[in-house]
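Letter by letter, the chains look like this.
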Amino acid sequence: MMHPDEFYPKIHKIMALPAKERHAGMTDLHTQAMNHYVNRLKTMTEAEALTPVTVGDDHRTVAQIAGHIAEWERFIILSASDMLIGLEHPRLMTSLDGYVALDGSTPTFGSIDEFNAYFAEQQKTWSWDKMRAFAIETTTTVYEMFTNPMLLNAERIERTKIWRKRLNTGDIIPNIAVGWSVWLIALEHIATEHIVELGLI
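Caption draft 1: View of the pairing of strand β2 (residues 172–177). Sheet topology note: the strand β1 (residues 162–166)/β2 ladder contains four bridges and is antiparallel. The residue bridging R166 from the neighbouring strand is I172, located in β2.

What follows is the structure, given as structure tokens:
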């Protein structure tokens, strides 16, 4: 797995490319990140998964971090579906409205912290086998939606509104179609954001 110091320069180079080449570059990077993440999920023991993370004041287990990623990926899948049916401004980018939980309910959240806390509580009794299957299913679905040329190809992504993306480094990528921003959210989440907690480095 590449280190964030390698990942972010690659992202800046990819985002400077024309749309079709950008899609190819993002696909390559997402393939690397997704394979590494899924392999880690498959090889993680139950004891490792149930260990509390040791990053800052986070009291979740490693399994709950995987569940946290999966719930955001479910939101990204909803956003990707919006783009597939032609919406120029998909859900997720400007608010937390429009989330649909596993039971079909539509809980509302005042902040990202509320979203994260809600699902940490919901998932605290899940077995590792259940969580692992859920996490692998969501991450591979996101990957397929963005990388399959029959789904969110460069042309479809470019039909979304012009936006900007604030990377986790604080850098801003301006004037990109919002679809690229949604993809970057998904990619950063598995490639850099939780690599310490998940033991990916």
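On we go.
Caption draft 2: Expanded view of the layout of surface pockets. Computed from the structure, the largest pocket encloses a volume of approximately 410 Å³. Taken together, 16 residues form the lining of the largest pocket, with W72, I112, I185, H189 and E193 sitting closest to its centre. For the lining of the largest pocket, the secondary structure elements donating two or more residues are α4 (62–84), α5 (112–122) and α8 (178–193). Per-element tally for the lining of the largest pocket: the top contributor is α8, with four residues. Each residue belonging to the lining of the largest pocket can be placed in one class, and the counts come to five nonpolar, six polar and five charged. Quantified by volume, the second largest pocket comes out at close to 220 Å³.

Caption draft 3: Fine view of the packing of aromatic side chains. Counted by the stated rule, this structure contains 16 aromatic pairs. Taking the centre distance of 4.1 Å and the plane angle of 35 degrees together, the rings of W72 and F115 count as tilted. Remark: F115 occurs in helix α5 and W72 occurs in helix α4; sequence separation between them is 43 residues. Here the two residues W72 and F115 agree in accessibility, since each one is buried.

Caption draft 4: Local environment of α5. Listed in full, the buried residues belonging to α5 are F115, N116, F119 and A120. Each buried residue of α5 lies within a common arc of 130 degrees when the element is viewed along its axis, so the set occupies one face. Tucked into the core, α5 has its buried residues touching α4.

Caption draft 5: Representation of the pattern of salt bridges in the model. By the definition in use, this model includes eight salt bridges. A salt bridge links R159 to E155, with the nearest nitrogen and oxygen atoms 3.2 Å apart. Residue classification places E155 among the exposed positions, given a relative accessible area of 55%. Two residues, E188 and K165, come together in a salt bridge whose shortest N-O distance is 2.8 Å. Here K165 lies in strand β1 and E188 lies in helix α8, a separation of 23 residues in the sequence. Of the two residues examined, E188 and K165, each falls in the buried class.

Caption draft 6: Seen up close, the pairing of β1. Across the two faces of β1 the burial differs, with W163 and K165 buried and I162, R164 and R166 not buried at all. Linking β1 back to β2 in an antiparallel pair, the connection comprises five residues, with G170 at a positive phi of about 95 degrees.

Cut-off values and rules
- Residues numbered from 1 in each chain as written.
- Predicted model: local features only at pLDDT ≥ 70, side-chain atom pairs only at ≥ 80, totals over all residues.
- Heavy atoms only, no water.
- Pairing = 2+ DSSP bridges.
- Helix = DSSP H or I, 4+ residues; strand = E, 2+ residues; numbered from the N terminus.
- 1 Å grid on protein atoms, 1.4 Å probe; cavity = no way out; pocket = protein on both sides within 12 Å on 5 of 7 lines; lining within 4 Å.
- Points joined across faces, edges and corners; volume = space filled by probe spheres on them.
- Nonpolar A, V, L, I, M, F, W, Y, C, P; charged D, E, K, R; others polar.
- Phe/Tyr/Trp six-rings, centres within 6.5 Å; stacked < 30°, edge-to-face > 60°.
- Buried < 20%, exposed > 50% of the residue type's maximum accessible area, 1.4 Å probe, protein only.
- Arc of directions from axis to C-beta.
- Contact = heavy atoms within 4.5 Å.
- Salt bridge = Lys/Arg side-chain N within 4 Å of Asp/Glu carboxyl O.

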